[in-house]
Amino acid sequence: MTSDHADAPAPPLQPLLDAAEVVLRAPTQVWSGPGGDLGAAPIDGIYHGDVRHVRALTLTCDESPIEWIGTSRPGASRIVFSGLLRAIDDAMPDPRVRLIRDRTAEGAAVRERLEIRNGRSIPVEATLRVRLRPEFASLHAVKAGEAEPAEFEVLSTEGSVAVAAGTHRFTVVAHRGEVRIAEELVELEWRVSAPPRGSVSVDWVVALSDDTLVVRPAARPAPWDAPALAASVAGSEPRLARWLATALDDLDALRLALPDAPGDEFYAAGAPWFFTLFGRDSIWAARLLLPVDASIAASTLRVLARLQGGEDDPDSAQEPGKILHELRATALEIPGEQVVLPPTYYGSVDSTPLWVCLLVDAWRAGMPEDEVRALLPALRRALTWITEHGDSDGDGFLDYVDRSGRGLANQGWKDSGDSIQWRDGALAQGPIALCEVQGYAYEAVRGGAELLERLGEDATGLREWAATLRGRFADAYWVSTPEGRYPAVALDRDKRPVDTLTSNIGHLLGTGILDPDDERHVASLLLGELMSSGYGIRTMSTEAGGYWPLSYHGGSVWAHDTAIAAHGMLRAGLRDEARAVVEGLIAAADGFGYRVPELHSGDPATETAAPTPYPAACRPQAWSAAAAVVAWSALAAG
């Protein structure tokens, strides 16, 4: 019997990422297979900004197949593939002719050095060829599994080939080699001879450009000494030393700036989909990294202040004083979800209070007073948004609702459509007032009041607003279920507490909105077997009706989410609890070769020797990398 759907085309699927190799230097990234070739997997390609310029790239040798045997990753921006050329080797069992492919990503270029190493006693001759297939597909289309090549034009000159599709261009140069066009491919060729017991190398580069790019590479070296920081814990916790070194290297490669302010850097949210400014992500990454570097916190604050909302616009979710959610060169359409986000989009309920929290933390960490004073107008506008505009329905809590009908349905950090669920798995209806956002708002308003008072302004009204919010929260959010007593994940449109036990409660720790006894109780719940996987804190309890270990926000583990809970525990004085959480993070880092992805499965450590990947998770991700600094701080706290 034949199925009615036997001949139906397969639906487009988001590319999987966990098995791919990546090198990056924002805003450029290269995703490839294990030997460095591109094209076999849906994610493969050379990307610049939000466009995949090159879809396929192959390296061949006319005289021998290339057999890849090893991969080395010296850093986020460099990867080295090692292969054999046995057809031009001798008959002995030990391989003596090797091919090394050394790839480096730069902010607007990708370079490769190809080296033949000859261990034989006679010269070895070979012809190396690199073939590139242009594409110029939108990154958003790649993510949706619907990428299509754009029309492009080719200009060939002596020694180089330029390919362009509108404002998107790349130029290929082969040093000491030939470059030509062959059947819509850019082909590079070198005829080389490696001397006896010697080597020969050739180089090529693809330079990328895009006149519409809204971000630019960082212009300065990273302001930290990663080897020294890693060495500070190498003796006591070598796994953390390796994670910290990898994480800081990834964060270095994720730094970006805006074209009109090249000196003010921020962290891109992550690769491959979020190579741009995100309010929430960039703020949290900078905040968690404060013990290592305060300068990027100050510059992130300035960048976001310049883009602060100035009018009421439902289409972009902009409101006066509101802090940006996401910046893109073009609108972002999410197929199948009826979501279309404008290039400058403000649809997050937490970016604004988190911006205030970062300013207060940076001020306390020693941000120069003149830089703080320069941001006071933005601070006042943000505090006004929190206290006057962030509550859409007048119940006294910050909430969100998509007014455009085309924006994000959920506008906290768990922004997938099914992330806010009742304990039985039913979806909550908005406006939604997330529990952690009330904690952020309380901390922001109290901290903002303190800052303003220290700089000579009256903030009595702000302190009164915060005290009222704290009392309302205590009355409205606590629930009791078979899993225990805890703050609900949110209030729904009918002001009912949505009773699922989630990791959101970990974000309340250290904000001051909970009493100390309640903070200890919340910490104990997060460390219990329903929430702790052994590799971090699950986003949702295993007893919840919607729990699934590979659900994006309904049972998986996010390193940054777990790190925020540990960060809050440290601020609440719960050092033992914080160190217990950090042990799980370090175990996860070890299982992922010290590059921790965006998220992973919530499967318990008792069942898996290493965390199970969430196969579509981004990596590196800025706030996942910043979790290493929280781990470092927790162990340093004694």
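Located above this text is the structure these notes cover.
Residues numbered from 1 in each chain as written. Predicted model: local features only at pLDDT ≥ 70, side-chain atom pairs only at ≥ 80, totals over all residues. Heavy atoms only, no water.

Peer 1: Provide a residue-level description of the overall build of the chain, including the pertinent values.
Peer 2: In terms of regular secondary structure, the chain is built from 14 helices and 27 strands. For a compact globule of 638 residues, the expected C-alpha radius of gyration is about 26 Å, and the chain comes in at 26 Å, within 12% of that figure. With the principal axes as the frame, the chain shows a C-alpha extent of 85 × 70 × 50 Å. Split into buried and exposed, the 638 residues of the chain put 58% on the buried side. Across the chain, the fraction of contacts at a sequence separation of at least 24, relative to all contacts at a separation of at least 6, is 65%. Accessible surface computed for the chain: about 24,100 Å², of which carbon and sulfur atoms make up 50%. Once the 58 positive and 90 negative side-chain charges of the chain are each reduced to a mean point, those two points are 5 Å apart. (Helix = DSSP H or I, 4+ residues; strand = E, 2+ residues; numbered from the N terminus. Rg over C-alpha atoms; globule rule 2.2 N^0.38 Å. Buried < 20%, exposed > 50% of the residue type's maximum accessible area, 1.4 Å probe, protein only. Contact = heavy atoms within 4.5 Å. Areas by Shrake-Rupley, 256 points an atom, 1.4 Å probe, with all protein chains shown as cover. Lys, Arg positive; Asp, Glu negative; His and termini not counted. Charge placed at Lys NZ, Arg CZ, Asp CG, Glu CD.)

Peer 1: I'd like a rundown of the sheet that holds strand β16 (residues 216-217), residues and numbers included.
Peer 2: Spatial ordering of the open sheet is given by β16-β17-β18, a layout of three strands whose pairing is antiparallel. The two strands at the open ends of the sheet, each matched to only one other strand, are β16 and β18 (261-267). Relative to β18, strand β17 (residues 255-258) is paired through four bridges, and the arrangement is antiparallel. Note that in β18 the partner of L256 across the bridge is F266. (Pairing = 2+ DSSP bridges.)

Peer 1: Give me the lowdown on the packing of helix α4 (residues 279-288) against helix α5 (residues 295-306), citing residues and values where you can.
Peer 2: Remark: α4 packs on α5, axes separated minimally by 9 Å, with the N-to-C direction vectors making an angle of 160°. Put simply, α4 runs roughly antiparallel to α5. Between α4 and α5 lies a crossing of left-handed hand. In contact with G279, S282, I283 and A286 of α4, α5 contributes I296, A297, T300 and L304. Here the contact of α4 with α5 is composed, by residue class, of five nonpolar, three polar and no charged. (Axes fitted to C-alpha atoms, helices over the stretch in contact; angles between N-to-C directions. Parallel < 35°, antiparallel > 145°, perpendicular 65-115°, else oblique. Left-handed = near helix turned anticlockwise from the far one by under 90°. Nonpolar A, V, L, I, M, F, W, Y, C, P; charged D, E, K, R; others polar.)

Peer 1: Go over the environment of S299 with me, naming the residues and quoting the values.
Peer 2: Mapping S299 onto the fold places it in helix α5. Sequence separation of S299 and E371 is 72 residues, and the distance between their C-alpha atoms is 9.7 Å. If near-sequence neighbours (up to four positions away) are discounted, S299 is found in contact with D264 and E265.

Peer 1: So what about the packing of α5 against helix α6 (residues 351-364)? Which residues, and what values?
Peer 2: Between α5 and α6, the least distance of the axes is 10 Å, while the angle of their chain directions is 145°. Considering only the axes of α5 and α6, their crossing is left-handed. On the side of α5, the interface is formed by A297, L301, L304 and A305, while α6 contributes W355, L358, L359 and A362. Partitioned by chemical class, the residues of the contact of α5 with α6 number eight nonpolar, no polar and no charged.

Peer 1: Any details on the pairing of β18? Residues and values, ideally.
Peer 2: Among the seven residues in β18, five count as buried, and that is most of the element. Hairpin connection, β17 to β18: the antiparallel pair is bridged by two residues.

Peer 1: Account for α4, naming residues and giving values.
Peer 2: Judged by how many residues are buried, α4 sits mostly within the fold: ten of ten residues are covered. Within the span of α4, buried status applies to G279, R280, D281, S282, I283, W284, A285, A286, R287 and L288. Those residues of α4 hidden inside the fold are in contact with β18, α5, α6, α9 (435-454), α12 (559-571) and α14 (622-636).

Peer 1: Can you break down the side chain of D203 residue by residue, with the values?
Peer 2: Residue placement: D203 occurs in strand β15 (residues 199-210). For D203, a relative accessible area of 17% gives the class buried. Among the polar contacts made by the side chain of D203, one reaches the side chain of R113 at a distance of 2.9 Å. Ignoring sequence-local partners within four residues, the contact set of D203 consists of E112, R113, V173, A174, H175, R176 and W190. (Polar contact = N/O pair within 3.5 Å; in protein donor to acceptor, adjacent residues only side chain to side chain.)

Peer 1: Outline the packing of aromatic side chains, supporting the account with residue identities and numerical values.
Peer 2: The description of an aromatic ring pair uses the distance of the two centres, along with the angle that the planes make with each other. Under the counting rule described, the total for this entry stands at eleven aromatic pairs. Residues F397 and Y477 carry aromatic rings whose centres are separated by 5.3 Å and whose planes lie at 85° to one another, so their mutual orientation is edge-to-face. On the criterion of sequence distance, the pair formed by F397 in the loop between α8 (376-389) and β23 (433-434) and Y477 in the loop between α10 (460-476) and β24 (478-481) is long-range, its members being 80 residues apart. Of the two residues examined, F397 and Y477, each falls in the buried class. (Phe/Tyr/Trp six-rings, centres within 6.5 Å; stacked < 30°, edge-to-face > 60°.)

Peer 1: Give me unusual backbone geometry: which residues, what numbers.
Peer 2: Note the cis peptide between A26 and P27, where omega equals 10°. Summarising the element assignment, P27 is placed in the loop between β1 (21-25) and β2 (28-32). A cis amide bond links A271 to the next residue, P272, at an omega of 5°. Mapped onto the secondary structure, P272 falls in the loop between β18 and α4. For E184, which is not a glycine, the phi torsion comes out positive at approximately 65°. Checked against the element boundaries, E184 lands in the loop between β13 (178-182) and β14 (185-194). For K495, which is not glycine, the phi dihedral falls at a positive 65°. Mapped onto the elements of the fold, K495 is located in the loop between β26 (490-491) and β27 (497-498). Assessed through its relative accessible area of 34%, K495 is described here as partly exposed.

Peer 1: Could you give an account of the pairing of β2, with specific residues and numbers?
Peer 2: Burial of β2 is extensive: five of the five residues sit out of reach of the surface. Along β2, one buried face is formed by T28, V30 and S32 and the opposite face, lined by Q29 and W31, is buried too. By the bridge criterion, five bridges tie β1 to β2 in an arrangement that is antiparallel. Residue pairing across strands places L24 opposite Q29, the latter belonging to β2. Joining the antiparallel neighbours β1 and β2 is a turn of two residues.

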